[in-house]
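Read off the chains here:
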Amino acid sequence: MAQEVSLKSLRESEREVILRVLYRDREVQNIEEERIRKLKTHLQHLRWKGSKSGSQEYQQKSCARCQQALGLLLNRGAVCRGCSHRVCAKCRVVLRATRAWKCTICFEDRNVKIKTGEWFFEERAKKFPTEGKHETAGAKLLQSYQKLSKISVVPPTPPPLSESWCSGSPGRFQELGQFKGFNKSVENLFLSVTTHMKKLSKSQNDMTSDKQRPAVGPRQCEGRSERRSQSDTAVNVTTRKVSAPDILKPLNQESPKCPPSPVFISSSPAPNTLFSGGLRHGSLISINSTCTEMGNFDNANVTGEIEFAIRYCFRTHSLEICIKACKNLAYGEEKKKKCNPYVKTYLLPDRSSQGKRKTGVQKNTVEPTFQETLKYQVEPTELATRQLRVSVWHLGTLARRVFLGEVVIPLATWDFEDRTTQSARWYPLQAKAEKDEDSVPTKNGELVVRAKLVLPAGPRKLQEAQEGTGDQLSHNGQLCLVVLGAKNLPVRSDGTLNSFVKGCLTLPDQQRLRLKSPVLKKQACPQWKHSFVFKGVTPSQLRQSTLELTVWDQATFGVNDRLLGGARLGSKEEPAGGADSCSQSKLQWQKVLSSPNLWTDMTLTLH
Amino acid sequence: MASATDSRYGQKESSDQNFDYMFKILIIGNSSVGKTSFLFRYADDSFTPAFVSTVGIDFKVKTIYRNDKRIKLQIWDTAGQERYRTITTAYYRGAMGFILMYDITNEESFNAVQDWSTQIKTYSWDNAQVLLVGNKCDMEDERVVSSERGRQLADHLGFEFFEASAKDNINVKQTFERLVDVICEKMSESLDTADPAVTGTKQGPQLTDQQAPPHQDCAC
């Protein structure tokens, strides 16, 4: 059935013309597919909203769409001829002209069939059952000449294509000499597709501007061909250059021309590839966001400024950073004069991916306009301890990022009440100041615990223990710890955590006693109220021991759990947490050890 | 090149999703019958008498408002030359409707209509809607195919028939609009019920009215 579509009999120049048309067509198809996808999603939502799944519900008479109960005499409902469900009067759409009606879903279903052209594909399938639904002739033509999907995934390691070609088919290469830039990397392909669209749309309408041209005279012919070439040049040059050789390649190498039937049947992955490539960037950034924090990025010479506004709503506790624009940015890729900037923010010291907000990526500009508002939920008291870091990044090929500059604003001194500070301002971008940040201790919330040293006998034994004489006797001493709860933890983007606490008591002989609390799901301020009991420890041991309490966010799908923060008590305590909190918890810890059988409450700052 | 016109119309036509549905239409017929001119006249309202042979395929997009619906038309212009046949026929399958064109001053192009019709039957879906169009009806002096013969052939093949002129802008718009309407009719047929709310059955009579005056133009 599938006729061999082939460009092989054509001249190079002809092929080029046709390929341009094919690419233009693909833009149209991509838009169409996107539209169809939206329509279908909409229908799916409608279905879910009013779906009646189980048959048991049918005994109790209710409308299949709105689930409203149906009466025995009044509002009995009627069966839709489309889906055979019983629906109430409200959930019917009476078709104009005819008296017939359909239920809302069947009506919408029909609408979607019309709007998506599904009706046509269904009709066509009667004659060509193997035909891929949305696969167009253009897509096939393209598919049969290039493995587009491969192209868009293969990293841009451009061994000068020209060389390999020379060896393959020197004769043809001469003809292809005009494609000077076809070893341009794939990133062009990604980007050009979007920029492409705009240009393409021009090409379809460039005739309109020619309307006024007096089209009569001896040079009409020229005029005509000129017009044509105009519309041709409007097609993005980079894409053409990139793809043309790949399309021509199989031809030159006399390799199997048309991949057989599977290509025709497989439902169009390739037409999407280019486009989804661009869309996928978003997720890639997320996956790799830690990479940029780990220093896996390139640096550009920092230039330019960024304009943004900071607002804090005391009522909703929401901090809003309105990213307006950048100007005079450095090129992410200087050589290629490329820059696809986006803006990322953190509320330092939280540098986790949960605390990250970012704007969309602007393509091919060093003067991007974002107009996006990034929001954080922060307590007013917490705000003073944070620094807002606004950084600008270039998104390159395969999600490689280039740092373009940053601005760090300590919020402690920020006057949120003052109106004038709320308006947008330009800030000069600066190079990374990683070292400064590292010296700032991180603060990831507080952990509230209650601790008690339980000794089997009275104070006398303690006395002995303290004197180091009664170690054997008090060997069954216990350290009881109740982990009450935590607050101000670095929450996930949805504002929750599946948190748990680990306790690790390291004894002087490096023996470690570990305990773990249950996981509390979907809580930002978890209250575990869980007891840890470390048995068989003596006060003298404890004085030389270290107790580490760490709070974790349980990973959803077997990925590593995320450490939210931890606190250390005991001998090896370091003055990392700032003098106040440190000494405070130190005092409290000493109190625990010195007053056995009494509960001591402690608030530990997590780092 | 990037004129104001580009930004005004350009964006809208191509990337705008603001339409209700999309029809794909194919224009076929012998070489030099005026397929490209016909499309240019319709899509851009322009005309150049010079002949530039189409390489393989080309298309234009036009969004029209018809029967209360915004319909995006992707109109494929095909090369009439035999050597591009494998490429052009590949596009038959995706087309909902066809404009089969001949040149009223060219007997051969008229004789080829039967063959083109067979091509449609072979490569397209069963309900393909076809309009037979005799182009260049402005060139009355050089006419070799009478309107009557055209009409008879159309009746014989079961197509609707128009005589048109891309140069004088006669019946161009009507042709496309009629084709859109018959596709709409097919669509509602295929969706089993008569539902004029979404299709254009009501437009039928109006269109037959429109058909008459252009013929008078041709006769002059």
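Please refer to the structure higher up on the page.
Rules and cut-offs
Residues numbered from 1 in each chain as written. Chains lettered and ligands numbered in written order. Predicted model: local features only at pLDDT ≥ 70, side-chain atom pairs only at ≥ 80, totals over all residues. Heavy atoms only, no water. Helix = DSSP H or I, 4+ residues; strand = E, 2+ residues; numbered from the N terminus. Buried < 20%, exposed > 50% of the residue type's maximum accessible area, 1.4 Å probe, protein only. Contact = heavy atoms within 4.5 Å. Areas by Shrake-Rupley, 256 points an atom, 1.4 Å probe, with all protein chains shown as cover. Pairing = 2+ DSSP bridges. Axes fitted to C-alpha atoms, helices over the stretch in contact; angles between N-to-C directions. Phe/Tyr/Trp six-rings, centres within 6.5 Å; stacked < 30°, edge-to-face > 60°. Lys NZ or Arg CZ within 6 Å of the ring centre and 35° of its normal. Disulfide = S-S within 2.5 Å. Core = buried A, V, L, I, M, F, W, Y, C linked by side-chain atoms within 4.5 Å. Polar contact = N/O pair within 3.5 Å; in protein donor to acceptor, adjacent residues only side chain to side chain. Parallel < 35°, antiparallel > 145°, perpendicular 65-115°, else oblique. Left-handed = near helix turned anticlockwise from the far one by under 90°. Nonpolar A, V, L, I, M, F, W, Y, C, P; charged D, E, K, R; others polar. Patch = residues over 30% accessible without salt bridge, like charges linked within 9 Å, V, L, I, M, F, W, Y side chains within 5 Å. Salt bridge = Lys/Arg side-chain N within 4 Å of Asp/Glu carboxyl O. Lys, Arg positive; Asp, Glu negative; His and termini not counted. Charge placed at Lys NZ, Arg CZ, Asp CG, Glu CD.

Novice: Describe the overall build of chain A, and please don't skip the residues or the numbers.
Specialist: When helices and strands are counted, chain A shows 17 helices and 21 strands. The proportion of buried residues among the 607 residues of chain A is 49%. Summarising the internal contacts of chain A: among those between residues at least 6 apart in sequence, 68% fall at separations of at least 24. With the model as given, the accessible surface of chain A reaches about 29400 Å², and the carbon-plus-sulfur share is 53%.

Novice: Let's hear about the sheet that holds strand S21 (residues 600-605) of chain A: which residues, and what values?
Specialist: All names here are of chain A. In spatial order, the strands read S18-S15-S14-S21; together these 4 strands make up an open sheet with antiparallel pairing. Either end of the sheet is taken by a strand with one partner, and the two such strands are strand S18 (530-535) and S21. Going from strand to strand, the sheet's axes swing by 25° on average, the running direction of each strand aside.

Novice: Provide a residue-level description of the environment of A:Gln377, including the pertinent values.
Specialist: Residue and element names in this part refer to chain A. Summarising the element assignment, glutamine 377 is placed in strand S10 (residues 369-377). Separated by 58 residues in sequence, glutamine 377 and leucine 319 have C-alpha atoms that sit 6.2 Å apart. When near neighbours in sequence (up to four residues on either side) are disregarded, glutamine 377 contacts Thr316, His317 and Ser318.

Novice: Any details on the sheet that holds strand S7 (residues 318-327) of chain A? Residues and values, ideally.
Specialist: Residues and elements named next belong to chain A. With respect to topology, 4 strands assemble into an open sheet ordered S10-S7-S6-S13, the strand pairing being antiparallel. Each edge of the sheet is formed by a strand with only one pairing partner; in this case those strands are S10 and strand S13 (425-428). The sheet shows a mean angle of 30° between the axes of neighbouring strands, taken without regard to direction. As paired elements, strand S6 (residues 305-313) and S13 share 4 bridges and run antiparallel to each other. Residue isoleucine 306 lies in a different strand from S13, and its bridge partner there is tyrosine 427.

Novice: Can you tell me about the packing of aromatic side chains, naming the residues and giving the values?
Specialist: Considering all chains together, one arrives at 17 aromatic pairs over all chains under this definition. When the centroid spacing of 4.4 Å and the interplanar angle of 40° are considered together, the rings of B:Trp76 and B:Tyr91 count as tilted. Placement of B:Trp76 in strand S3 (residues 69-78) and of B:Tyr91 in the loop between helix H3 (85-90) and strand S4 (97-103) is noted, with a sequence separation of 15 residues between them. Both residues of the pair, B:Trp76 and B:Tyr91, count as buried. One aromatic cluster is present, built from ring pairs that chain together A:Trp119, A:Phe120, A:Phe121, B:Tyr21, B:Phe23 and B:Trp125. A cation sits over an aromatic face here: A:Lys344 above A:Trp393, 4.5 Å from the ring centre. Over the aromatic face of A:Trp552 sits the side chain of A:Lys502, whose NZ or CZ is 4.1 Å from the ring centroid.

Novice: Please give an account of the state of the cysteines that cites residues and values.
Specialist: Note on terminology: a disulfide is the covalent bond linking the sulfur atoms of two cysteines. Tallied over the full model, the rule gives 0 disulfides over all chains. Looking at A:Cys326, it has no disulfide partner, and the nearest cysteine sulfur is the one in A:Cys339, 8.8 Å off.

Novice: Mind laying out the nonpolar core, listing which residues take part and the relevant values?
Specialist: B:Phe23 and B:Tyr91 are the most contacted members of the largest nonpolar core, which has 80 residues in total. Considering every element that reaches this core, the biggest residue donor is helix H7 (residues 172-190) of chain B, with 8 residues. Setting aside residues up to four positions removed in sequence, B:Tyr91 forms contacts with A:Leu22, A:Ala137, A:Gly138, A:Leu141, B:Leu26, B:Ile57 and B:Trp76. Grouped together as the second largest cluster of nonpolar side chains are 32 residues, A:Trp528, A:Val551, A:Leu564 and A:Ala567 included.

Novice: Please provide a residue-by-residue account of the side chain of A:Arg357, values included.
Specialist: Residue and element names in this part refer to chain A. Of note, arginine 357 is situated in strand S9 (residues 357-358). Here the side chain of arginine 357 touches lysine 375 through a polar contact of 2.7 Å, landing on its backbone oxygen. Ignoring any residue separated from it by four or fewer positions in sequence, one finds arginine 357 in contact with Val343, Lys344, Thr345, Leu374, Lys375 and Tyr376.

Novice: Run through the environment of A:Glu382, naming residues and quoting values.
Specialist: Counting through the fold element by element, A:Glu382 comes out in helix H13 (residues 380-383). Remark: the alpha-carbon pair of A:Glu382 and A:Gly445, spanning 63 residues in sequence, is separated by 9.1 Å.

Novice: Can you break down the packing of helix H5 (residues 113-123) of chain B against helix H6 (residues 147-157) of chain B residue by residue, with the values?
Specialist: Residue and element names in this part refer to chain B. Viewed as axis vectors pointing N to C, H5 and H6 meet at an angle of 25°, and their least axial separation amounts to 11 Å. On the basis of their axis angle, the class for H5 and H6 is roughly parallel. As for how H5 packs across H6, the hand of that crossing is right-handed. In this structure, H5 contributes Val113, Gln114 and Ser117 to the contact, and H6 contributes Leu153, His156 and Leu157. A class-by-class count of the residues in the contact of H5 with H6 yields 3 nonpolar, 3 polar and no charged.

Novice: Got a sec to walk through a positive patch on the surface? Specific residues and values, please.
Specialist: Residues and elements named next belong to chain A. Taken together, the side chains of Lys502, Arg512, Arg514 and Lys516 present a region of like positive charge at the surface. Residue contributions to the positive patch peak at 3 residues, all from strand S17 (residues 512-516). For arginine 514, a relative accessible area of 61% gives the class exposed.

Novice: Help me get a handle on the pairing of S3(B), residues and values and all.
Specialist: Residue and element names in this part refer to chain B. Among the 10 residues in S3, 9 count as buried, and that is most of the element. Note that strand S1 (residues 21-29) and S3 share 7 bridges and pair parallel. Residue lysine 24 lies in a different strand from S3, and its bridge partner there is glutamine 74. Connecting strand S2 (residues 57-66) to the next strand, S3, in antiparallel fashion are 2 residues, including asparagine 67 with a positive phi near 50°.

Novice: Describe the packing of helix H2 (residues 104-116) of chain A against helix H3 (residues 118-127) of chain A, with residues and values.
Specialist: Residues and elements named next belong to chain A. Put simply, H2 and H3 touch, their axes get as near as 5 Å, and they point 80° apart. Judged by the angle between their axes, H2 and H3 are roughly perpendicular. Judged by residue contacts, Lys113, Ile114 and Thr116 of H2 engage Glu118, Trp119, Phe121 and Glu122 from H3.

Novice: I'd like to hear about a nonpolar patch on the surface, residue by residue, with values.
Specialist: All names here are of chain A. Together, Leu72, Leu73 and Leu74 line one region of the surface with nonpolar side chains, adding up to about 450 Å² of accessible area. Residue placement: leucine 74 occurs in the loop between helix H1 (12-49) and strand S1 (78-79). Overall, the relative accessible area of 71% leaves leucine 74 in the exposed class.

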